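Structural overview for review
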Amino acid sequence: MAERVQQPPAKRLCCRQGYNSTCKQGQRAAGAPCGASASTESSKTQNPESLLDIAARKVAEKWPFQRVEERFERIPEPVQRRIVYWSFPRSEREICMYSSFNTGEEIGSSGESSDETRLPFRRGIALLESGCVDNVLQVGFHLSGTVREPATSSEPELLCNVSVSFDRCKITAVTCSCGNKDIFYCAHVVALSLYRVRKPEQVKLRLPISETLFQMNRDQLQKFVQYLITVHHTEVLPTAQKLADEILSQNSEINQVHGAPDPTAGASVDDENCWHLDEEQVQEQVKLFLSQGGYHGSGKQLNLLFSKVREMLKMRDSNGARMLTLITEQFMGDPRLALWRQQGTTMTDKYRQLWDELGALWMCVVLNPHYKPEQKGFWLRQLRRWNGVDVCPLEDGNHGAELTNLTNALPQGPAGNPDSLTRPHRTVFTRAIEACDLHWQDPHLQQIITKDQYTNYCYHDNLDSSLFDPRGWPLWHEHVPTACARVDALRSHGYPKEALRLAIAIVNTLRRQQQKQLNFFRTHKKELLHKGVTSVTNLEGWVGHPLDPIGTLFSTLMETGRGREDVANTFLDFPGSLGSGRRAELPVFPAKQRFLEDGESFVSLAVETALIGLGQQRVMPDGLYAQEKVCRNEEQLLARLQEVDLDDTLVKIFRKQAAFLLDAGPYSGLGELLYRESVPMHTFAKYLFTSLLPHDAELAYKIALRAMRLPVLESTSPSADLSRPHHIVSLVPNRLPRWFTLSHIETQQCELASTMLTAAKGDALKLQTVLESIQKNIHSASHIFKLAQDAFKIATLMDSLPDITLLKVSLELGLQVMRMTLSTLNWRRREMVRWLVTCATEAGVFALDSIMQSWFTLFTPTEATSVVASTVMSNSTIVRLHLDCHQQENLANSARTLALQCAMKDPQNCALSALTLCEKDHIAFETAYQIVLDAATTGMTYTQLFTIARYMEHRGYPMRAYKLATLAMTHLNLSYNQDTHPAINDVLWACALSHSLGKNELASVIPLVVKSVKCATVLSDILRRCTLTTPSMVALHSRRNSGKLMPLDKAPLRQLLDATIGAYINTTHSRLTHISPRHYSEFIEFLSKARETFLMAHDGHIQFTQFIDNLKQIYKGKKKLMMLVRERFG
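Residues numbered from 1 in each chain as written. Predicted model: local features only at pLDDT ≥ 70, side-chain atom pairs only at ≥ 80, totals over all residues. Heavy atoms only, no water.

Looking at the overall build of the protein chain
Each helix and strand counted, the protein chain has 48 helices and 9 strands in total. Considering only contacts in the protein chain between residues 6 or more positions apart, those separated by 24 or more positions represent 74%. Accessible surface, the protein chain as shown: approximately 53800 Å² in total, 53% of it carbon and sulfur. (Helix = DSSP H or I, 4+ residues; strand = E, 2+ residues; numbered from the N terminus. Contact = heavy atoms within 4.5 Å. Areas by Shrake-Rupley, 256 points an atom, 1.4 Å probe, with all protein chains shown as cover.)

Written out as structure tokens, the structure is:
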């Protein structure tokens, strides 16, 4: 906090009423230590407390000292001293609360972490215990002292002057010369305050300075003032002279006021009695955290501030609402709100959660059971002002749609007609504004909260709004989130026992309502099933609700069940109306009256409450944030449930609730009638399944199989509206494209199915049932593939023999994936195909043969040949399957048949694979070759044909390679400038192959080359290769090639030479059309290569000279270029 060195101005003026000369002059209250009276705190356990101390302590807690002075003309000095003594706080808990983020529960604990030692409270304790506090003096309601901060390796020793003002057991102002600025008290203030709390007998106590001055005569007063000025003349002399001038002036303002200020005289009647809170620092810190945008741990710091507000509320500290107001003002002033609204973007998820907590805290504040009407009016005006700001965040995080006003009890069922309701602008503050209309004056509510034995065993009203159940236990009928908000408010304001009583009444109401819903559905089951009518019990589901009703009930019951709440320490006082609250030491509950069934505990009641809420059939809310919140809250609640160890009692509750969920029809998310847009139950059912499986496997499977449904993905007929409750059609339109969390939901569905597959291992009947459920309800190929992989892993664990039944399930799922993705694009398709072959291999030769027989329904021709058939015929597969020769041959025949079928269907992509697979079977190989020839003229590209031709040459079929190469040449066309075309190597290879086969073959290829290739450099290269046979070719075909050079002036090379020269001429003219100076040197080199080709002809020199002369004449305008031509070629 900002700790200022200067003392704050005195709060009130002090003067002595009825002064007379009989008073003893010079009498002082000096020298008496704080514990000088007959009774001190430390002696309470040894001696009876004196009446003076009892009375002084009560006065010090409740009365401002000004009221005491006004009430009594003269207060005896011993009485003043004891009131002053008892006015300082006696508990360290509040001091801890205002000096650290940690709660008071950690006071006095040892072994702090390094983070804790840096907290002001911990550091203050360390300073106190190391003897760093000195010169402690209490003057009236003012405590001062010095605190020495020991030197460190980086900092010198620091001596801090600390002062603390207090009133009615609360610290009202603090100052410290250390200059630290923070929300909380610094360590030096903590050290001084704890010194006074722990060592009161060592603190010298003086009465307020005005009392001491009153006891001085004129000479003593003059001496006092002169000594004070002398000691501090540099600081106070100007002020002293100014005050003296004003006092000596009869008309000065100071002489018009009766009395004089005294900073040690305590509070005035008008002063608010609250702990010191530095508002400026709260605002600055919140503003800083918000500006960091969630980085540097700012989100965590803001959550800690919210926790601090809750801690203050629990201590019934008025600063809780005050601090929350300061935080809210900074949140509302966040410039990002306007920017996000302007850009149409949403705030981050963490920031959105901070706003949710802000709204929930205001709900707790306005539901304070001991509020004053003027306080609630002030809060309501504030909330309405914030609510009216354009950038105020909406409750569901979605600017496009808001929920109806359901905060105050809306009838749940056909009687309610939300169609008639408007859709107001609901912000994060709307519920708190609505809660301002709630009150605690209902007599039935007061009886529930204040009495442990509030029963009515003669009450037999069976209406829905009954005040008691058939057992005579009280019920509380109110909109469930609102009722639970009352529970949260009671807990937040430090009334845990009252919160517990109300929570029990609410849970009993929920259980009674649950039973009534079950009875209603059983009575009308045939009619409802025939009509196919579905409904939901609440448009606002309890899990994921902004007020978190189920989480509130669960926490209240669990903390009581585990002894975390101090339920015996605080109680509400309801004497017909809300009282002021009082503390008392009373038993937690009478032994025989807890409103619990025999054998039931608070923990079991909490678990049952969570199961009721999680199983409620509820509509998926609108908007990304609201949907994510549903998932997040469900997972948080389930995580807390998983911390509870199941005993026999809890297993009975699980069975009871599971049976209800299955039989409750439209009221349950696991009932027979499921609304199309209900929140799925996959995550919840997975928890139920794993919990029930060891105790009741049949029930566990019923729950899990029922939960596999995901009707929002099912195709609907035009009459689908018949399955929608008429009273919510206008509120919840068809929002399939707006299920933003659908991917997450499908993942949870997949995990539920995987859990069942794992558990059903070895049970063929259950595996078949689970498989059918997967095939019916899961619509994502990726998720089914994951399930297939999971089943395969479980079925083929290293430490056991393969589970054939589960392996078949895995294979069946894999086949379904293949069929689903055959005609769609899926980036994992190749992985899926390879995995399926692996799975089929593990399942056996029959499975492999089966997928090859029906390949056309599972694979593309390319996949079938390149992956399936190739893998089947690999040595590793044969070894894995332990096949004999006959089985190998049968499997190979199936693979070859598949390859030929694929080659017929897709020769472009499968012909080469088919040839490779059929190598060992002459008939099949010839068939594959014929397929290639048939497709060569129309269905295959030159690249594919060249590839197969090279394969044929490699396999020892040069004539077949030659034939395929000539077919490929007919599809090729190389223009004059394509000198880097990828097919050039194939053309060179084809010419070399023809050359090696003989003159006739070369003569047949050259016309094709001349027709297909117009690039001069490529033709030149072919010409040179044909005139100079390489040694490898001579060696390879020595019997057919004599090694003699072929003449250029005769066929077939004459035609090639003429074509090459013509190509150079055409290319030259083409290049000169658009040539730039930077390409001149490159062009000259091109002409040099052209000359080499020209000179290969008998009259080449003459032709080249004529060619150059023509260029000079035609392109004489390109003077620089022609000059270069003359220099090189004459």
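What to know about a nonpolar patch on the surface
A surface patch of nonpolar side chains, about 290 Å² in accessible area, is lined by Ile209, Phe224, Val225 and Leu228. When residues in the nonpolar patch are grouped by element, the largest group, 3 residues, is from helix H9 (residues 218-231). Relative to the assigned elements, Ile209 resides in helix H8 (residues 209-214). (Patch = residues over 30% accessible without salt bridge, like charges linked within 9 Å, V, L, I, M, F, W, Y side chains within 5 Å. Salt bridge = Lys/Arg side-chain N within 4 Å of Asp/Glu carboxyl O.)

Concerning the nonpolar core
Within the largest apolar cluster, 300 residues are counted, with the highest numbers of intra-cluster contacts made by Ile327, Phe331, Trp355, Trp362, Phe429, Leu757 and Phe859. The greatest single-element share of this core, amounting to 10 residues, is contributed by helix H20 (residues 496-523). Not counting residues within four places of it along the chain, the set of residues in contact with Leu757 comprises Leu767, Val770, Ile774, Leu787, Ala791, Leu806, Val809 and Leu813. Counting 8 residues, the second largest nonpolar core, distinct from the first, contains Met620, Val630, Leu710 and Trp739. (Core = buried A, V, L, I, M, F, W, Y, C linked by side-chain atoms within 4.5 Å. Buried < 20%, exposed > 50% of the residue type's maximum accessible area, 1.4 Å probe, protein only.)

Some words on the packing of aromatic side chains
With the rule as written, the count across this model stands at 26 aromatic pairs. A ring pair is formed by Phe88 and Phe166, whose centres lie 4.9 Å apart and whose planes are at 75 degrees; its orientation type is edge-to-face. One end of the pair, Phe88, is in the loop between helix H3 (77-86) and helix H4 (92-97); the other, Phe166, is in strand E4 (residues 158-167), with 78 residues separating them in the sequence. Here Phe88 and Phe166 have matching classes, each one buried. Considering the side-chain rings of Phe1104 and Phe1129, the 5.5 Å spacing of their centres and the 75 degrees angle between planes classify their relative orientation as edge-to-face. Note that Phe1104 is positioned in helix H47 (residues 1100-1114) and Phe1129 in helix H48 (residues 1119-1129), a separation of 25 residues in sequence. An aromatic cluster of at least three residues, connected via ring pairs, comprises Phe306, Phe331, Trp340, Tyr351, Trp355, Trp362, Trp386 and Phe429. The ring of Tyr351 has Arg336 sitting right over it, with the charged end atom 4.5 Å from the ring centre. (Phe/Tyr/Trp six-rings, centres within 6.5 Å; stacked < 30°, edge-to-face > 60°. Lys NZ or Arg CZ within 6 Å of the ring centre and 35° of its normal.)

Concerning the pairing of strand E5 (residues 170-176)
Walk down a regular strand and you will see the side chains alternate between the two sheet faces. Extensive coverage of E5 is indicated by the burial of 6 of its 7 residues. Taken together, the 6 bridges between E4 and E5 define a ladder with antiparallel strand orientation. In the sheet register, Asp167 faces E5, and the bridge partner there is Lys170. Adjacent in sequence and paired antiparallel, E4 and E5 are bridged by 2 residues, among which Arg168 carries a positive phi angle near 50 degrees. (Pairing = 2+ DSSP bridges.)

Looking at the confidence of the model for the protein chain
For the protein chain, the average pLDDT comes to 82, and 84% of its residues sit at 70 or higher. Within the model, the stretch residues 103-114 combines pLDDT values under 50 with 15 contacts to residues more than four positions away or in other chains. Note that pLDDT drops below 50 for residues 717-737; the model gives that stretch 45 contacts with residues more than four away or on any other chain. (pLDDT = per-residue confidence, 0-100.)

Concerning the sheet that holds strand E2 (residues 133-139)
Spatial ordering of the open sheet is given by E5-E4-E3-E2-E6, a layout of 5 strands whose pairing is mixed. If you trace the sheet from one side to the other, it starts and ends with E5 and strand E6 (204-206), each paired once. Within the sheet, the average angular offset between the axes of one strand and its neighbour, ignoring direction, is 20 degrees. In terms of strand pairing, strand E3 (residues 142-149) meets E4 through 8 bridges, oriented antiparallel. Among the inter-strand pairings, Leu143 is bridged to a residue of E4, identified as Val164. Sheet strands in contact with H3 are E2, E4 and E6, and its direction is about 120 degrees off that of E6. (Axes fitted to C-alpha atoms, helices over the stretch in contact; angles between N-to-C directions.)

Points about the packing of helix H6 (residues 120-129) against helix H7 (residues 187-198)
Where H6 meets H7, the closest approach of the two axes is 7 Å, and the angle between their N-to-C directions is 55 degrees. One element, H6, and the other, H7, form an angle in the oblique class. Of the two elements, H6 crosses H7, and the hand of that crossing is right-handed. Along its contact with H6, which presents Pro120, Phe121, Arg123, Gly124, Ile125, Leu127, Leu128 and Glu129, the element H7 presents Ala187, His188, Val190, Ala191, Leu194, Tyr195 and Arg198. Taken together, the residues of the contact of H6 with H7 sort by class into 10 nonpolar, 2 polar and 3 charged. (Parallel < 35°, antiparallel > 145°, perpendicular 65-115°, else oblique. Left-handed = near helix turned anticlockwise from the far one by under 90°. Nonpolar A, V, L, I, M, F, W, Y, C, P; charged D, E, K, R; others polar.)

Comments concerning the pattern of salt bridges
A full pass over the atoms with the stated rule returns 52 salt bridges. Note that Glu395 and Arg426 form a salt bridge whose closest N and O atoms lie 3.7 Å from each other. Residue Glu395 is found in the loop between helix H16 (373-387) and helix H17 (430-435), and its partner Arg426 is found in the loop between H16 and H17; the two are separated by 31 residues along the sequence. Exposure remark for Glu395: the relative accessible area of 10% places this residue in the buried category. What you see here is one network of salt bridges that share partners, running through Glu395, Arg426, Arg431, Glu434 and Glu540.

Digging into the environment of Asp262
Within the secondary structure layout, Asp262 lies in the loop between strand E7 (260-261) and helix H11 (279-291). By relative accessible area, Asp262 is classed as buried at 2%. When the C-alpha positions of Asp262 and Ser210 are compared, they lie 6.3 Å apart, and in sequence the two are 52 residues distant.

Things to note about helix H14 (residues 335-343)
Considered for burial, the residues of H14 that qualify are Arg336, Leu337 and Trp340. Taken end-on, H14 shows its buried residues confined to a sector of 105 degrees, consistent with a single buried face. Exposed positions of H14 whose direction lies more than 90 degrees from the buried face are Pro335 and Gln342. The elements touched by buried residues of H14 are H11, helix H13 (319-332) and helix H15 (349-366). Positive backbone phi, approximately 75 degrees, marks Gly344, located one or two places after H14. (Arc of directions from axis to C-beta.)

Details of unusual backbone geometry
The phi dihedral of Asn135 is positive, around 55 degrees, even though this residue is not glycine. Residue placement: Asn135 occurs in strand E2. Looking at Asn135, the relative accessible area reads 52%, which means it is exposed. Despite not being glycine, Cys169 shows a phi value in the positive range, around 65 degrees. With respect to the element layout, Cys169 can be found in the loop between E4 and E5.

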